[in-house]
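Remarks on the overall topology
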Amino acid sequence: MAGLLGTATTTSSSAFLRSSQSIFSSSSSKSSFRALSFNPGQIQGRRLYGGIGVPVKKGRSHFSISNVATEISPAQEQAQKLSKENQRPVYPFAAIVGQDEMKLCLLLNVIDPKIGGVMIMGDRGTGKSTTVRSLVDLLPEITVVAADPFNSDPEDPESMGMEVREKLIKGEQLQTIKTKINMVDLPLGATEDRVCGTIDIEKALTEGVKAFEPGLLAKANRGILYVDEVNLLDDHLVDVLLDSAASGWNTVEREGISISHPARFILIGSGNPEEGELRPQLLDRFGMHAQVGTVRDAELRVKIVEERARFDKNPKDFRETYKTDQEKLQDQITAARSRLSSVQIDHELRVKISKVCAELNVDGLRGDIVTNRAAKALAALKGRDQVTSEDIAVVIPNCLRHRLRKDPLESIDSGLLVIEKFYEVFS
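Since we're looking at a predicted model, the values are computed, not measured.

1. Points about the overall build of the chain
When its secondary structure is counted, the chain shows 16 helices and 16 strands. By residue count, 44% of the 427 residues in the chain fall in the buried class. Summarising the internal contacts of the chain: among those between residues at least 6 apart in sequence, 73% fall at separations of at least 24.

2. Description of the packing of aromatic side chains
Tallied over the entire structure, the rule returns 7 aromatic pairs. An angle of 35 degrees between the planes, with centres 5.3 Å apart, marks the rings of Tyr91 and Phe318 as tilted. Taken together, the residues span a long stretch of sequence, with Tyr91 in the loop between helix 1 (74-85) and helix 2 (100-111) and Phe318 in helix 11 (residues 315-321) at a distance of 227 residues. Three or more aromatic residues joined by ring pairs form one cluster here, namely Tyr91, Phe311, Phe318 and Tyr322.

3. Side note on the sheet that holds strand 12 (residues 224-228)
In any sheet, the strands associate via hydrogen bonds between backbone groups, in a parallel or an antiparallel arrangement. The sheet built from 5 strands is open, its strands ordered 9-12-15-6-16 with parallel pairing. Only two strands of the sheet have a single partner each, and these edge strands are strand 9 (183-185) and strand 16 (288-292). Direction aside, neighbouring strands of the sheet carry axes that sit 20 degrees apart on average. Examined bridge by bridge, strand 6 (residues 118-122) and strand 15 (residues 266-271) share 4 bridges and lie parallel to one another.

4. Points about a nonpolar patch on the surface
Side chains of Leu416, Ile419 and Tyr423 sit close together on the surface and give an oily, nonpolar patch of about 290 Å² of accessible area. Residue placement: Ile419 occurs in helix 16 (residues 414-426).

About the cut-offs
Residues numbered from 1 in each chain as written. Predicted model: local features only at pLDDT ≥ 70, side-chain atom pairs only at ≥ 80, totals over all residues. Heavy atoms only, no water. Helix = DSSP H or I, 4+ residues; strand = E, 2+ residues; numbered from the N terminus. Buried < 20%, exposed > 50% of the residue type's maximum accessible area, 1.4 Å probe, protein only. Contact = heavy atoms within 4.5 Å. Phe/Tyr/Trp six-rings, centres within 6.5 Å; stacked < 30°, edge-to-face > 60°. Pairing = 2+ DSSP bridges. Axes fitted to C-alpha atoms, helices over the stretch in contact; angles between N-to-C directions. Patch = residues over 30% accessible without salt bridge, like charges linked within 9 Å, V, L, I, M, F, W, Y side chains within 5 Å. Areas by Shrake-Rupley, 256 points an atom, 1.4 Å probe, with all protein chains shown as cover. Salt bridge = Lys/Arg side-chain N within 4 Å of Asp/Glu carboxyl O.

Any link to function would need more than the numbers given here.
What follows is the structure, given as structure tokens:
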């Protein structure tokens, strides 16, 4: 430590910016410079935030948890708002031609996030990534605790960060705001620290504070985590996703310091089966599986090319032409989410679903649970309070296809096997 006295060190922290739609839509870095001087029995310093010096006392103290986050100025907030307005436009969900199976799976997961996400596999150039990213405009609003980096739910303890829980225990009033469900992209080249978050060891040692810089899993809590080309993801990141998906929590261990936070998210992945298969453990974590293929109809292909050309030429005008359709979809999703809790499924239909799963030798009970949830979400989307066998017929291939044991000698598609067994049981 003596060698560090009288020098300047630099630490960076992620600042979570608040905008009209999202509390933490993006992050920026601020540097703080600390000039240290030595007095017997005490170390003092001044931390500079934007040119303002703040005295900092240092010494032995108990650890307390604090987030590495700073408030942004009104000028910075306005600049962030302008940059959001000028960011790259997203292709409208309502403008996507065909690929109905993929679109339905995505909509059902937005209506009921507990379905568990969707795995989209298909040929390259079939609009997988475009469709997933277009979902952003349709995402409904949720209530979150203000100035909380984990999007904590003020009503659900399982989706609360530790700081919010402590405030509730102390009887403090929580400030809440409405924000859209967050969609976070997980790049293939992301480091484990960026995904899980990291602890500022220097701040912990010098100030006795657990300074946690949240990662992508924290940002994705109560939102959507999208992994493009998920079958190419590094094994160590796959292990992190498996652990978080199983427990709903992310734990960061560094130098004897441990911090946990909620990480409940809808996992959406896309990939090309020619580039490799997914590990069975990760594949089982996806609630639904959508298979997409190249459109073969010539007229439909021409329409897709023309629509894409219109979007590339003038994205703003193109989005404006689909504004009414987008709003109708948003209203439909909002109504379905509010109706979902009242949707019922008969006991006889539940028994038949489980019989299909049993006769197909599906491991575990996730197939039963997801099929029931997906059928309810579909009924809610159609504006009904009762699940029918037709609803189950639509969703059961997507819920069970990826859970069947692989038979290298089997030539028939696994989705067709599910449909055959469904009609055999339900007839």
